[in-house]
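Chain and residue survey
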Amino acid sequence: MTKRTSAMIGERLAVAVLSLFLVSLAVFFITELLPGDTAQELLGQAVTKEAAAILREQLGLDRPAVLRYMDWIFGLFRGDLGFSLVSNRPVSDLISERLPNSLILAAITMAITIPLALGLGIIAAIWRGSIFDRAISSAAIMFVSFPEFMIATLIVMLFSVYLKWLPALSFLPPSASFTTIVLAFIMPVTVLVFSSCSQMIRLTRAAISDAMATPYVELALLKGASRPRLVLRHALPNSVAPIVNSVALSMSGLLGGVIIVETVFNYPGLAKLMVDGVMTRDMPLIQTCSMIFCGFYLLLIMAADIIAILSNPRLRR
Amino acid sequence: MTSASIKPRRKVRFRVKPLAAICLLVVLFWVIVALFAPFFLRYPVGDLVSYDYFGPMSADYWLGTDYLGRDIYSRLVMGARYTIGIAFAGLILAGTIGVVLGLLAAAFGGLFDTLLSRAIDTFVGIPNLLLALVIIAGGGSSIPVLIGAITAIFFPGCYRFTRSMAVNVNALDFISAARARGEGHFYIMIHEILPNIVGPILADLGLRFVHIVLLLSGLSFLGLGVQPPYADWGAMVRENIIGISYGAPAVIIPCLALASLALALNLLIDNLPQRIRDHLE
């Protein structure tokens, strides 16, 4: 690594930290400043002015928002995530139960999606215009247009209701055997792969097609290189940056997919926890969950940026 | 007859592909349904009209009845209005803010551009559906909040797209010529830059509209979008999903409506004339 490369990577790290800080501000103040009062919400039917005032004081909601932001952010650093307003348990407990489940789901999905999408995108680019390319591209545009919950619903209908092969819910008792666990994962993972693959295939194919239009690829063609060699040897290494970026951006879609899929299959993950939190307006829970999701997302984007920098041969010397 | 040789200037014509024409018809169909929804209703939307829940399609209930015995056809028609109406309102707001700020950033440049771009990048650090959840957690779910959330989520993309297109045009000679003859920033924005990028921007907004529709129905599916007794297409899927094993049409019909709209719009933009498409990502 040269000095210039490390300087650029350092800059990326700094940008990521700054973004995370700005995101934390946005998350906190959107949840705090918009109208809607947690104390009234918690008391529900039993609300009186006095009761709401007392509860607000107990929860510390009467203090200025800036101070509460400082408390919250320093709490995050110390690992003190506060108490869930609804279940009265520490947020850290709730999250540590759920986070591993979501990570497993996302990891399995990414492990299948990324090679599959890149492979199909590259193959479509190699035989551009062939029946195979048109089949992949049509399927990709179809799945981009379908909402995740539609894919999920149709798959449940097919495999759980009509064929009765797979369980409709992904509830995992601690005593579950290995086969039960695998069966429970099949449908959620399939839905996520379908919904996040298509965008990645389209972007990969487009990035390679762009590189195919450059003079150096034309020169390689004139030298008599075969179509696969043109794509794999000449176009692909120069499209690493846009492809990696598209992978990182599809992760935003994957997260959206995870939120939907965990709800459909009642999967005990972090996204489901957060959706339930939004229903009950459990602010400490929502804030922490958002920060965890944004943290992972920014980490992925940063990793993509760094890979893109490292893939640029002009920066290697 | 020498005068016959003077022909009117030939109009620029695009070849319309048949697929694009079909897609345009589908999109127009749903737009008309959404616009004139009240005229197409057969029953009031929230009314229980039949004791037979998940009833079959019949002369009385064209698409059957839902989990409470309400007319699916009427709810679908009204759902088109919610889905398309809210999404379109959000698109207009996000598009206007994004395009105007993007043009401003490109025309003024310098520190203004840098600061604005950095500030807007913050929003890009929050995944779409997550930002929607946070906003709805703060503001509760109502139609104005939904439109506001859509605007907040989608204007950064419009901004970045417009800005990158406008910056390219801004570097061309005729802009320098306009500046040299003393035109102001706003004149250049509106009369010199905008007409040159309006095609790609409209196509880009079309693609964003698909994303908005999918996001909005996703929210409604989670129960955080349009609230009962009213329902957009996503909410219709949610409320009927309990009957998935015996009342499948009630779930599939709104799904098909969503899929047809989104697919038609995506294919339409995919089959636009190359000149416009070239600029799309």
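Residues numbered from 1 in each chain as written. Chains lettered and ligands numbered in written order. Predicted model: local features only at pLDDT ≥ 70, side-chain atom pairs only at ≥ 80, totals over all residues. Heavy atoms only, no water.

Defined as follows: UniProt positions are given in the numbering used here, feature names are shortened, and annotations may be inferred rather than shown by experiment.
The name an unreviewed UniProt entry assigns to chain B is Peptide/nickel transport system permease protein, from the organism Roseibium suaedae. UniProt lists a comment for chain B under the heading Sequence similarities (unreviewed entry), and it reads "Belongs to the binding-protein-dependent transport system permease family." Under the heading Subcellular location (unreviewed entry), UniProt records this for chain B: "Cell membrane".

Looking up chain A in an unreviewed UniProt entry gives the name Peptide/nickel transport system permease protein, with the organism given as Roseibium suaedae. Under the UniProt heading Sequence similarities (unreviewed entry), the note attached to chain A is "Belongs to the binding-protein-dependent transport system permease family."

Some thoughts on the overall build of chain B
The condition that has to hold: Comment: elements are numbered from the N terminus, with helices defined as DSSP H or I runs of at least four residues and strands as E runs of at least two. Throughout, exposure labels follow a simple rule: accessible area from a 1.4 Å probe, protein chains only, divided by the maximum for the residue type, with under 20% read as buried, over 50% as exposed, and the rest as partly exposed. It only takes one pair of heavy atoms within 4.5 Å for two residues to be counted as in contact.
If you tally the helices and strands in chain B, you get eleven helices and zero strands. Expressed along its principal axes, the backbone C-alpha trace of chain B runs to roughly 75 × 65 × 25 Å. Across the 281 residues that make up chain B, the buried fraction comes to 52%. The contacts of chain B with a sequence gap of at least 6 include a subset with a gap of at least 24, amounting to 69%.

Some details on the UniProt feature "transmembrane region" (unreviewed entry) in chain A
Residue and element names in this part refer to chain A. In the numbering used here, UniProt assigns the "transmembrane region" (unreviewed entry) feature to residues 12-31, 103-127, 139-163, 175-195, 243-265 and 285-310. Secondary structure over residues 139-163 splits into 88% helix and 0% strand, and the C-alpha atoms at its two ends are 24 Å apart. Span residues 243-265 is 96% helix and 0% strand, its end C-alpha atoms 31 Å apart.

Looking at unusual backbone geometry
Outside of glycine, negative phi angles account for most residues, and trans bonds account for most peptide bonds. Looking along the chain, the bond that leaves P228 of chain B and enters P229 of chain B is cis, with omega of 5 degrees. Within the secondary structure, P229 of chain B sits in the loop between helix 8 (185-222) and helix 9 (233-240). The phi dihedral of N266 of chain A falls on the positive side, at around 55 degrees, and the residue is not glycine. In this structure, N266 of chain A sits in the loop between helix 11 (240-264) and helix 12 (270-280). For R281 of chain A, which is not glycine, the phi torsion reads 55 degrees and is therefore positive. Relative to the elements of secondary structure, R281 of chain A occurs in the loop between helix 12 and helix 13 (283-310).

Topic: the UniProt feature "transmembrane region" (unreviewed entry) in chain B
Listed under "transmembrane region" (unreviewed entry) in the UniProt record, and renumbered for this structure, are residues 21-41, 82-109, 129-155, 205-226 and 246-269 of chain B. Segment residues 205-226 of chain B splits into 82% helix and 0% strand. End C-alpha atoms: 23 Å apart.

Quick word on a nonpolar patch on the surface
All names here are of chain B. The following threshold applies: Each patch is assembled from residues with relative accessible area greater than 30% and no salt bridge, linking like charges that lie within 9 Å and nonpolar side chains (Val, Leu, Ile, Met, Phe, Trp, Tyr) that lie within 5 Å. Areas reported here follow the Shrake-Rupley algorithm with a probe of radius 1.4 Å; residue values treat only the protein chains shown as occluding. Salt bridges are defined by distance alone: a side-chain nitrogen of Lys or Arg within 4 Å of a carboxyl oxygen of Asp or Glu.
There is a patch of nonpolar side chains on the surface, built from L24, L25, L28, V31, I32, L35, F36, F39 and F40 and spanning about 870 Å² of accessible area. Listing elements by their share of the nonpolar patch, those giving two or more residues are helix 1 (18-35) and helix 2 (37-40). Here the element with the most residues in the nonpolar patch is helix 1; it accounts for six residues.

Some thoughts on the nonpolar core
When a protein is soluble and globular, its nonpolar side chains tend to lie buried together. Inclusion rule: Here the nonpolar core consists of buried residues drawn from Ala, Val, Leu, Ile, Met, Phe, Trp, Tyr and Cys, with membership extended through side-chain atoms lying within 4.5 Å.
The biggest cluster of nonpolar side chains holds 159 residues, and the ones touching the most others in it are W30, L133 and W233 of chain B. Counting residues per element, this core draws most heavily on helix 3 (residues 72-108) of chain B, which supplies 18 residues. Filtering out sequence-adjacent residues up to four positions away, W30 of chain B remains in contact with L76, A80, I84, W233, A257, S260 and L261 of chain B. Counting 14 residues, the second-largest nonpolar core is a separate cluster that includes I126, A211, A225 and L230 of chain A.

Some thoughts on the packing of aromatic side chains
In plain terms, the rule: Each pair of aromatic rings taken from Phe, Tyr and Trp, with Trp reduced to its six-membered ring, is defined by centres within 6.5 Å and is described as stacked if the planes are under 30 degrees apart, edge-to-face if over 60, and tilted in the remaining cases.
Counted according to the given criterion, the structure contains 17 aromatic pairs over all chains. Summarising the aromatic geometry, the rings of F143 of chain A and F146 of chain A are spaced 5.9 Å apart at their centres and angled 80 degrees between planes, so their arrangement reads as edge-to-face. On the basis of relative accessibility, which here comes to 16%, the residue F146 of chain A falls in the buried class. Between W30 of chain B and W233 of chain B, the ring centres sit 4.9 Å apart and the planes meet at 70 degrees, which makes this aromatic pair edge-to-face. Of this pair, W30 of chain B sits in helix 1 while W233 of chain B sits in helix 9, and the two are 203 residues apart along the sequence. As far as the burial class goes, W30 of chain B and W233 of chain B line up, both buried. Here the aromatic residues F28, F29, Y69 and W72 of chain A are joined through ring pairs into a cluster of three or more.

Some details on the interface of chain A and chain B
Keep this limit in mind: Any N or O atom pair separated by 3.5 Å or less is treated as a polar contact, with the protein-specific requirement of one donor-capable and one acceptor-capable atom, and with residues adjacent in sequence counted only for side-chain atom pairs. Each residue gets one of three labels, nonpolar for Ala, Val, Leu, Ile, Met, Phe, Trp, Tyr, Cys and Pro, charged for Asp, Glu, Lys and Arg, and polar for the others, Gly among them.
Facing the 43 residues of chain A at the interface are 41 residues of chain B. Where chain A meets chain B, there are one salt bridge. Between R202 of chain A and D270 of chain B there is a salt bridge whose closest N-O contact spans 3.8 Å. Viewed at the interface, chain B and chain A are joined by three residue pairs in polar contact (both at pLDDT 80 or more). Those elements that place two or more of their residues in the side of chain A that touches chain B are helix 1 (3-33), helix 6 (131-145), helix 7 (148-162), helix 11, helix 12 and helix 13 of chain A. Ranked by residues supplied to the side of chain A that touches chain B, first place goes to helix 7 of chain A with eight residues. Across the side of chain A that touches chain B, the residue classes tally to 33 nonpolar, eight polar and two charged.

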